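Each chain is listed here by its residues.
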Amino acid sequence: MKDKIKKYFKEFILFALVLFIVSNALSYYRSSDLNKSDFDIKSVKLLDNRTYTIAENKPLILHFWATWCPTCHLEAANIERISKDYEVITIAVQSGTKEEIESYLQKNKLSFKVVNDENAYYSKKFNISAFPTTLIYDSDKNLKFSEVGYTTTAGLYSRMALIK
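I will try to describe carefully the structure that is included in this document. (Residues numbered from 1 in each chain as written. Predicted model: local features only at pLDDT ≥ 70, side-chain atom pairs only at ≥ 80, totals over all residues. Heavy atoms only, no water.)

## Observations concerning unusual backbone geometry
Backbone torsion omega between Phe131 and Pro132 reads -5 degrees, so that peptide bond is classified as cis. Its place among the elements puts Pro132 in the loop between α4 (121-125) and β6 (133-137). Even without being a glycine, Asn49 presents a positive backbone phi close to 75 degrees. For Asn49, the position within the fold is in the loop between β1 (43-45) and β2 (51-53). By relative accessible area, Asn49 is classed as partly exposed at 47%. One non-glycine residue, Lys141, adopts positive backbone phi at about 65 degrees. Of note, Lys141 is situated in the loop between β6 and β7 (143-148). Relative accessible area serves as the criterion here: at 9%, Lys141 is assigned to the buried category. (Helix = DSSP H or I, 4+ residues; strand = E, 2+ residues; numbered from the N terminus. Buried < 20%, exposed > 50% of the residue type's maximum accessible area, 1.4 Å probe, protein only.)

This is the structure we're talking about:
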């Protein structure tokens, strides 16, 4: 019995390792078309119509998502958690009206800052073609990491620790 458990455990570890490698390779490939220039936006209009000034000399997470995206829904709690400790601006791409996005946020108990990209202005500016996509900038607003697809809370925190 112990031998069977060892065998299944080894197979599970191998499967997890292959899945990790494939998902990272896929993310790297999908991020090759992103706009990798420095972040040059000084302020954004949030969902509640407030103008939010991007903090200088602080790292920034720019997260593109959509209400209709199942992977974005799974990742939302991770973004919510990290938004409590770091500056996070999320861009809801073609996700409906202000009221529809607010309803989605309320239903899912999300409180991060949201820009409604109803006409896909920001997603075009950053050349985003898959959701979710997360861009991480250092305190000088240089792009340090990009992640296309699901990313874990631990992955987000580790990337932020590396750029400090």
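## Some details on the packing of helix α2 (residues 70-83) against helix α5 (residues 153-163)
The geometry of α2 relative to α5 is characterised by a closest axis approach of 9 Å and an angle of 35 degrees between their N-to-C directions. Read as a crossing pair, α2 and α5 show a hand that is right-handed. Residues Asn78, Ile79, Arg81 and Ile82 of α2 lie in contact with α5, whose contacting residues are Thr153, Leu156, Tyr157 and Met160. Of the residues assigned to the contact of α2 with α5, the class counts are five nonpolar, two polar and one charged. (Axes fitted to C-alpha atoms, helices over the stretch in contact; angles between N-to-C directions. Left-handed = near helix turned anticlockwise from the far one by under 90°. Contact = heavy atoms within 4.5 Å. Nonpolar A, V, L, I, M, F, W, Y, C, P; charged D, E, K, R; others polar.)

## Digging into the sheet that holds strand β5 (residues 113-117)
Read from one edge of the open sheet, five strands run β5-β4-β3-β6-β7, paired in mixed fashion. Looking along the sheet, the strands with just one partner apiece sit at the ends: β5 and β7. When the angles between neighbouring strand axes are averaged without regard to direction, this sheet yields 15 degrees. Bridge analysis of β6 against β7 gives five bridges, and the strand direction is antiparallel. (Pairing = 2+ DSSP bridges.)

## Looking at the nonpolar core
For soluble globular proteins, the rule of thumb is that nonpolar side chains tend to be buried together. The biggest cluster of nonpolar side chains holds 43 residues, and the ones touching the most others in it are Val44, Leu62, Phe64, Trp65, Ile89 and Phe126. Taken together, the elements giving at least two residues each to this core come down to β3 (60-65), α2, β4 (87-93), α3 (98-107), β5, β6 and α5. (Core = buried A, V, L, I, M, F, W, Y, C linked by side-chain atoms within 4.5 Å.)

## Description of α5
Listed in full, the buried residues belonging to α5 are Thr153, Gly155, Leu156, Arg159, Met160 and Ile163. The buried residues of α5 occupy one face: seen down the axis, they fall within an arc of 165 degrees. For α5, exposure combined with an orientation more than 90 degrees from the buried face picks out Ala154, Ala161 and Leu162. Among the structural elements, β3, α2, β6 and β7 are those in contact with the buried residues of α5. (Arc of directions from axis to C-beta.)

Interpretation in functional terms is not warranted from these geometric data alone.
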